[in-house]
Amino acid sequence: KQEVTQIPAALSVPEGENLVLNCSFTDSAIYNLQWFRQDPGKGLTSLLLIQSSQREQTSGRLNASLDKSSGRSTLYIAASQPGDSATYLCAGLGDTDKLIFGTGTRLQVFP
Amino acid sequence: DTEVTQTPKHLVMGMTNKKSLKCEQHMGHRAMYWYKQKAKKPPELMFVYSYEKLSINESVPSRFSPECPNSSLLNLHLHALQPEDSALYLCASSQRPGLDTDTQYFGPGTRLTVL
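Given the structure is predicted, the values throughout are model-derived calculations rather than measurements.

**Student:** Whenever I open this one, the interface of chain A and chain B confuses me. Can you help?
**Tutor:** With 22 residues of chain A at the interface, the matching set in chain B holds 20 residues. Of the roughly 1,700 Å² buried where chain A meets chain B, counting both sides, 57% is carbon and sulfur surface. The largest contributions to the chain A side of the interface with chain B come from Leu-44, Lys-98 and Phe-101 of chain A, which together make up 26% of the buried area. Where chain A touches chain B, the interface holds one salt bridge. The closest approach of N and O atoms between Glu-58 of chain B and Lys-98 of chain A, which form a salt bridge, is 2.7 Å. At the surface where chain A touches chain B, the tally comes to four residue pairs in polar contact (both at pLDDT 80 or more). Elements with a contribution of two residues or more to the side of chain A that touches chain B: β4 (30-38), β5 (44-51), β9 (86-94) and β10 (99-101) of chain A. When residues in the side of chain A that touches chain B are grouped by element, the largest group, five residues, is from β4 of chain A. Each residue belonging to the side of chain A that touches chain B can be placed in one class, and the counts come to eight nonpolar, eleven polar and three charged.

**Student:** Help me understand the layout of surface pockets, please; the structure alone is not making it clear to me.
**Tutor:** Regions of empty space are outlined by a rolling probe, equal in size to a water molecule, passed over the atoms. Each pocket or cavity is described by its volume, and for the largest pocket that value is around 560 Å³. Every element with two or more residues in the lining of the largest pocket is listed here: β1 (4-7) and β10 of chain A together with β5 (44-50) of chain B. At three residues, β10 of chain A tops the list of elements feeding residues into the lining of the largest pocket. Taken together, the residues of the lining of the largest pocket sort by class into eight nonpolar, four polar and eight charged. Within this model, the second largest pocket holds a volume of roughly 380 Å³. Gln-38, Pro-40 and Thr-87 of chain A together with Gln-37 and Lys-40 of chain B are the residues nearest the centre of the second largest pocket, which is lined by 22 residues in total. For the lining of the second largest pocket, the secondary-structure elements that each account for two or more residues are β9 and β11 (105-110) of chain A. Of the residues forming the lining of the second largest pocket, the biggest block, three residues, is contributed by β9 of chain A.

**Student:** Whenever I open this one, the state of the cysteines confuses me. Can you help?
**Tutor:** All names here are of chain A. Under the definition given, this model contains two disulfides over all chains. The disulfide that involves Cys-23 links it to Cys-90, with 2.1 Å between the sulfurs. Here the S-S torsion is close to 80 degrees, and the disulfide linking Cys-23 with Cys-90 is therefore right-handed. Taken together, the residues Cys-23 in strand β3 (residues 19-25) and Cys-90 in strand β9 connect sequence positions 67 residues apart.

**Student:** Sorry, what's going on with the side chain of Gln-51 of chain A here?
**Tutor:** Mapped onto the secondary structure, Gln-51 of chain A falls in strand β5. For Gln-51 of chain A, a relative accessible area of 18% gives the class buried. Discounting residues that sit within four places of it in the chain, Gln-51 of chain A has contacts with Tyr-31, Asn-32 and Leu-66 of chain A together with Asp-100 and Thr-101 of chain B.

**Student:** Looking at this structure, I do not really get the nonpolar core. What am I missing?
**Tutor:** Core analysis: the biggest nonpolar cluster contains 23 residues, and Trp-34, Phe-64, Leu-76 and Leu-78 of chain B have the highest contact counts within it. The next biggest cluster of nonpolar side chains, apart from the first, holds 21 residues, and it includes Val-13, Cys-23, Ile-30 and Ile-50 of chain A.

**Student:** Is there a simple way to explain the pattern of salt bridges in this structure?
**Tutor:** Side-chain pairing between opposite charges can occur once the charged atoms of the two side chains come close. A complete count under the given rule lists seven salt bridges over all chains for this structure. Salt-bridge contacts for Arg-37 of chain A lead to Asp-39 of chain A; the nearest nitrogen and oxygen are separated by 3.1 Å. Judged by relative accessible area, which is 17%, Arg-37 of chain A ranks as buried. Among the salt bridges present, the one from Arg-61 of chain A reaches Asp-84 of chain A, with a minimum N-O distance of 2.8 Å. Residue Arg-61 of chain A is located in the loop between β6 (56-59) and β7 (62-67), and its partner Asp-84 of chain A is located in the loop between β8 (72-77) and β9; the two are separated by 23 residues in the primary sequence. A relative accessible area of 7% means that Asp-84 of chain A is categorised as buried. Each of the salt bridges in this network shares a partner with another, and the network as a whole consists of Lys-36, Arg-63 and Asp-85 of chain B.

Cut-off values and rules
- Residues numbered from 1 in each chain as written.
- Chains lettered and ligands numbered in written order.
- Predicted model: local features only at pLDDT ≥ 70, side-chain atom pairs only at ≥ 80, totals over all residues.
- Heavy atoms only, no water.
- Contact = heavy atoms within 4.5 Å.
- Buried area = accessible area lost by both parts, 1.4 Å probe.
- Salt bridge = Lys/Arg side-chain N within 4 Å of Asp/Glu carboxyl O.
- Polar contact = N/O pair within 3.5 Å; in protein donor to acceptor, adjacent residues only side chain to side chain.
- Helix = DSSP H or I, 4+ residues; strand = E, 2+ residues; numbered from the N terminus.
- Nonpolar A, V, L, I, M, F, W, Y, C, P; charged D, E, K, R; others polar.
- 1 Å grid on protein atoms, 1.4 Å probe; cavity = no way out; pocket = protein on both sides within 12 Å on 5 of 7 lines; lining within 4 Å.
- Points joined across faces, edges and corners; volume = space filled by probe spheres on them.
- Disulfide = S-S within 2.5 Å.
- Buried < 20%, exposed > 50% of the residue type's maximum accessible area, 1.4 Å probe, protein only.
- Core = buried A, V, L, I, M, F, W, Y, C linked by side-chain atoms within 4.5 Å.

Encoded structure:
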């Protein structure tokens with residue numbers, strides 16, 4: 001059974017810092033790995049999707065990497081801003097067509 | 001149009017009530033999903049409709065009944081719920097289920113409170 005864990009569970013940093021959020025999964029047989037952002041009480045916004053054949057994806061200040069062999073993905077946020085404050089969730093898509101979500105990292109960026 | 005809409009935004013119901021949640025997308029997506037999310041927890045999959053057929057039911061109690069009248073609309077019928085069913089219910093859709101490029105798009109959710 002796929003299990004997805006995220007470290008750290010919470011993070012509070014000053015504006016401008018570069019951040020790394022970690023995601024680990026137990027079953028390397030994933031089709032893709034996705035990163036989402038969720039603001040309090042809101043739905044999820046897709047940030048990046050990395051296919052199983054890819055190593056990384058970039059969008060603006062965000063860069064996500066995938067290492068299937070070690071069961072790890074990282075989300076790198078450059079030059080963090082207060083608007084980046086949210087919960088970040090990684091999720092792996094397996095052969096059952098189910099998206100298995102990680103435990104999430106709650107990020108707070110203060111001015 | 002790249003959004004998934006959900007109604008109502010908030011719902012308060014008693015344990016004997018019958019209510020329905022509605023989800024709609026006009027992106028031509030062929031898969032639609034219901035998730036349940038408790039506070040400070042990740043979303044948990046409940047149901048998946050693929051090409052308007054129920055493809056996944058994650059052993060959800062029968063007091064939750066999904067319905068997919070057409071490819072753009074997804075309902076969740078609620079009956080005789082328990083207080084522990086109070087949660088944020090999220091709907092999502094995706095274009096091509098089963099492909100490694102498939103991204104799920106989420107609605108804003110319905111906040112359900114069962115008294």
